[in-house]
Amino acid sequence: ETSPLLDDTDKDGANDGDEVTAGTDPNVEDAVEEDEEISETIDKEESSIVDLLSGAKSSLNTNSCSTTFTDIEGHWAEDAICAHYDRGIVSGKSSGIFDPDANVTRAEFLKMIMLIAGLDPEDESDLEVTKYSDVNPGDWFYEYVALADSYGYLWEADDGTWEPNESITRGDAILLVVRIAEQALYDFTAEDSSFTDFDVDSDQAYAIILAEQYGIIKGYDDGTFRPDDNITRAEAVKVTYNAEVLF
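Rules used throughout
Residues numbered from 1 in each chain as written. Predicted model: local features only at pLDDT ≥ 70, side-chain atom pairs only at ≥ 80, totals over all residues. Heavy atoms only, no water. Core = buried A, V, L, I, M, F, W, Y, C linked by side-chain atoms within 4.5 Å. Buried < 20%, exposed > 50% of the residue type's maximum accessible area, 1.4 Å probe, protein only. Helix = DSSP H or I, 4+ residues; strand = E, 2+ residues; numbered from the N terminus. Contact = heavy atoms within 4.5 Å.

*Asks:* What is the right way to look at the nonpolar core in this model?
*Replies:* The tendency in soluble globular proteins is for nonpolar side chains to be buried as a group. By size, the foremost hydrophobic cluster in this structure holds 61 residues, and its most contacted members are F109, L110, V145, L154, I174 and I217. Residue assignment for this core shows that the elements contributing at least two residues are α3 (78–86), α4 (106–116), α5 (142–150), α6 (170–180), α7 (205–213) and α8 (233–242). Sequence-distant contacts of I174, that is, excluding residues within four places in its chain, are made with A207, I208, A211, I217, F225 and V239.

Have a look at this one:
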């Protein structure tokens, strides 16, 4: 009796049992072609996904709002300014102007670092603060001050004010960053910092040292930090941009 596996039912010169090996079965050839088509389709899809991801990464890494602000192109803080602008953390001072070298008020800096920390008063309700005589309902910064004060992040002046419209110093800005990041006070010495011009017994000292160690701030070429100087808009953006490592 002849085995059905040895028959050549399609008369193509190969036994039916050898069709797959011989590669003469048209059904097998069709299957191979289909596999090749599927493989080619997958390769194209994978290539498209890679191109898409590469494009997205390129877009994320190429922050430029110099067309929005005419005064920051080539500025050392341009990337940080554009990143903050894209996220709605900062805006210009007037049409087409960011004014990177202008001073920042205490309220403006508070808003920046709170948004970086994910603390948006719009997510809260029934915010109220009465302890500062110069912070009142209706002020654009009222809710930011109220929310920050509710967490114990702020400190008041001797006369009971918070001075929201006054320029903030570099030292106070760093202290605010570290307090909102809830970085605990720790034992330190002046030798823990490369800066030579801050009071190691001040409230700002541990914040300055910690911020330097995290790479959030850099001093000047002469080894100073100048904590009593006012912080500029560009410096404030760069500091809060770098401070994301704390949150």
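*Asks:* In this structure, what is going on with the environment of S91? I would like to understand it.
*Replies:* Mapping S91 onto the fold places it in the loop between α3 and α4. As for S91 and I81, which are separated by ten residues in sequence, their C-alpha atoms are 9.1 Å apart. Non-local contacts of S91, meaning those with residues more than four positions away in its chain, are made with F69, Y85, F98 and R233.

*Asks:* What am I meant to see in the environment of K111 here?
*Replies:* Positionally, K111 belongs in helix α4. With relative accessibility at 24%, the residue K111 sits in the partly exposed group. Along the primary structure K111 and Y144 are separated by 33 residues, whereas in three dimensions their C-alpha atoms are 6.4 Å apart. Contacts of K111, omitting those with residues within four sequence positions, involve I89, W140 and Y144.

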